Amino acid sequence: MKRNTAQPWIHSAGLDLLFIVGPAFLVTVLAMLLNEQLQSLGAMSAWVWLALIVGVDVTHVYSTLFRTYFDHEELRQRQGMYLLTPLLAWIAGCLLYSMGSLTFWRVLAYLAVFHFVRQQYGFMMIYGRKDGPAFKQLDKLVIYAATLFPLIYWHGHERHFDWFVDGDFFQFRSDAVIQFAGWCYAALIIAYVVKEAYIWRQSGWISWPKQLMLAGTALSWYIGIVQFDNDLMFSAINVISHGVPYLALVWIYGCNQTELQGQGATFYFQWVGQLFRRRWWWLFLGLLACWAYIEENLWDGWVWREHGTVLLFADALPEIQSEQALMWLVPLLATPQITHYVLDAFIWRMKQPDTNWGQILFQRAK
């Protein structure tokens, strides 16, 4: 018997394809087509860094504010988590930095990796929300394999790029481990294809958003990490395929919340509701980009001293060279980022008894 079930988009086919599913395909294909030009460019220019890291990566970190701290009802229900997370993140960061700066950056890199992997898992589960319980574990395994195999390969092969700083990933030399991981990945892909074909044959229905999310994840992670060894290519694929879908997710959620509950009904600030009007998307992104720009000026002025040409007031700040001062300062500057990583592990869980985010997010799905 055929199922008469609409495709499980988050908002709509057009918006999802453009901003959630599509970015991974678009940036990966462009990177492949421009491979020779990207290889010849060498180091990432300051303007490209500004567009990718500040304009997308750090910007998407601050978008979490609209899902958490700017939402009165959300903050009331999980007050302890929201108040303690930044404080504990800073304290833990200081302790790690006191063990050495590489220790701090290494732990932060693996926390970021966990966050990136879990985002793909989360989207996979969202797009598979209308599937039956059968074979659900296989869906989970295959999306994890699509991200973890490239990471295992990275750990076994030196790359000309790093997650944050040079040497933040451990390295090992074992072709047998990588080969075994590759065979496991291939076996899971085959099992998944067979499973989806069986379901389609039995019901006549298939979740195309889920298939596209898995394919985009597998393509972008493999091309960006395994196939090519280029810092600019990796950064572009990694940042855009992660940051743009997250910004779209928060935007959809905020717009739906404003329409359902009335402008500013659960927001701490009335102006927040104004941002989530379709004609004001540019103001939403611009505000987030401004916060990201300010943060990067502080990072560059006090710590890095690398991008003063595109940062307005970084050179006016005194460079901090005292390791004792950096032990407190670097984790403080990283606190928004760490808080984003930690909170994101909780705020989008499908089965969460103390929140109705799912009803809000999917209320306009079509």
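Placed above this text is the structure.
Report on the accompanying structure. Keep in mind the model is a prediction, meaning the values are calculated, not measured.

1. Comments concerning empty space enclosed by the protein
Taken as a whole and judged by the stated rule, the model has 2 cavities of 30 Å³ or more. If you add up the space inside the largest cavity, you get close to 130 Å³. Taken together, 17 residues line the largest cavity, and the ones lying closest to its centre are Ala-24, Gln-120, Met-213, Thr-217 and Ser-241. Residue contributions to the lining of the largest cavity peak at 6 residues, all from helix H9 (residues 208-227). Its residues assigned to classes, the lining of the largest cavity shows 10 nonpolar, 7 polar and no charged. In this model, the second largest cavity occupies a volume close to 60 Å³. Lining the second largest cavity are Ser-220, Trp-221, Gly-224, Ile-225, Phe-234, Ile-237, Asn-238 and Ser-241. At the level of secondary structure, the elements contributing two or more residues to the lining of the second largest cavity comprise H9 and helix H10 (231-261).

2. Considering the packing of helix H6 (residues 101-127) against H9
Between H6 and H9, whose axes approach to 8 Å, the crossing angle comes to 160 degrees. Classified by the angle their axes make, H6 and H9 are roughly antiparallel. As for the relative orientation of H6 and H9, their crossing is left-handed in sense. For the pair H6 and H9, the contacting residues are Phe-116, Val-117, Gln-120, Phe-123, Met-124 and Tyr-127 in the first and Pro-209, Lys-210, Met-213, Leu-214, Thr-217 and Trp-221 in the second.

3. What to know about the nonpolar core
Within the largest apolar cluster, 57 residues are counted, with the highest numbers of intra-cluster contacts made by Ile-10, Ile-20, Trp-49, Phe-66, Phe-276, Trp-348 and Leu-361. In terms of residue count, H10 provides more of this core than any other element does, 14 residues in total. Setting aside its immediate chain neighbours within four residues, Trp-348 contacts Arg-67, Tyr-246, Leu-249, Val-250, Tyr-253 and Trp-357. Residues Met-125, Phe-234, Leu-333 and Ala-334 belong to the second largest nonpolar core, which totals 45 residues.

4. Comments concerning the layout of surface pockets
For the largest pocket, the calculated volume is near 880 Å³. Forming the boundary of the largest pocket are 27 residues, of which Trp-49, Ile-53, Asp-57, Trp-163 and Phe-164 lie nearest the centre. Those elements giving two or more residues to the lining of the largest pocket turn out to be helix H3 (46-67), H6, H10, helix H12 (281-304) and helix H13 (323-347). Among the residues making up the lining of the largest pocket, the classes are represented as 16 nonpolar, 4 polar and 7 charged. By volume, the second largest pocket is sized at about 600 Å³. Lining the second largest pocket are 23 residues, with Tyr-121, Gly-122, Met-125, Trp-348 and Met-350 positioned closest to its centre. Taken together, the elements giving at least two residues each to the lining of the second largest pocket come down to H6, helix H7 (136-156), H10 and H13. Examining the composition of the lining of the second largest pocket, we find that 9 residues originate from one element, H6, more than from any other. Class assignment for the residues of the lining of the second largest pocket results in 11 nonpolar, 4 polar and 8 charged.

5. Observations regarding H7
Between its terminal C-alpha atoms H7 stretches 30 Å, which fits the 30 Å expected from 21 residues at 1.5 Å a residue. At Ala-145, H7 shows its largest kink, close to 30 degrees.

6. Some remarks on the pattern of salt bridges
Under the criterion given, the structure shown has 12 salt bridges. Its salt-bridge partner being Arg-78, residue Glu-74 comes within 3.3 Å of it at the nearest N-O pair. Assigned by exposure class, Glu-74 and Arg-78 land together as buried. Taken together, the shared-partner salt bridges connect Asp-131, Asp-139, Lys-195, Glu-196 and Lys-210 into one network.

7. As for the environment of Leu-96
Along the chain, Leu-96 falls in helix H5 (residues 79-98). Measuring from C-alpha to C-alpha, the distance between Leu-96 and Leu-333 comes to 14 Å, with 237 residues separating the pair along the chain. Excluding its chain neighbours within four sequence positions, the residues that come into contact with Leu-96 are Thr-103, Phe-104 and Val-107.

Conventions used here
Residues numbered from 1 in each chain as written. Predicted model: local features only at pLDDT ≥ 70, side-chain atom pairs only at ≥ 80, totals over all residues. Heavy atoms only, no water. 1 Å grid on protein atoms, 1.4 Å probe; cavity = no way out; pocket = protein on both sides within 12 Å on 5 of 7 lines; lining within 4 Å. Points joined across faces, edges and corners; volume = space filled by probe spheres on them. Helix = DSSP H or I, 4+ residues; strand = E, 2+ residues; numbered from the N terminus. Nonpolar A, V, L, I, M, F, W, Y, C, P; charged D, E, K, R; others polar. Axes fitted to C-alpha atoms, helices over the stretch in contact; angles between N-to-C directions. Parallel < 35°, antiparallel > 145°, perpendicular 65-115°, else oblique. Left-handed = near helix turned anticlockwise from the far one by under 90°. Contact = heavy atoms within 4.5 Å. Core = buried A, V, L, I, M, F, W, Y, C linked by side-chain atoms within 4.5 Å. Buried < 20%, exposed > 50% of the residue type's maximum accessible area, 1.4 Å probe, protein only. Expected span 1.5 Å × (residues − 1). Bend = angle between axes of the 7 residues up to and from the residue. Salt bridge = Lys/Arg side-chain N within 4 Å of Asp/Glu carboxyl O.

Geometric descriptors of this kind do not, in isolation, establish any biological role.
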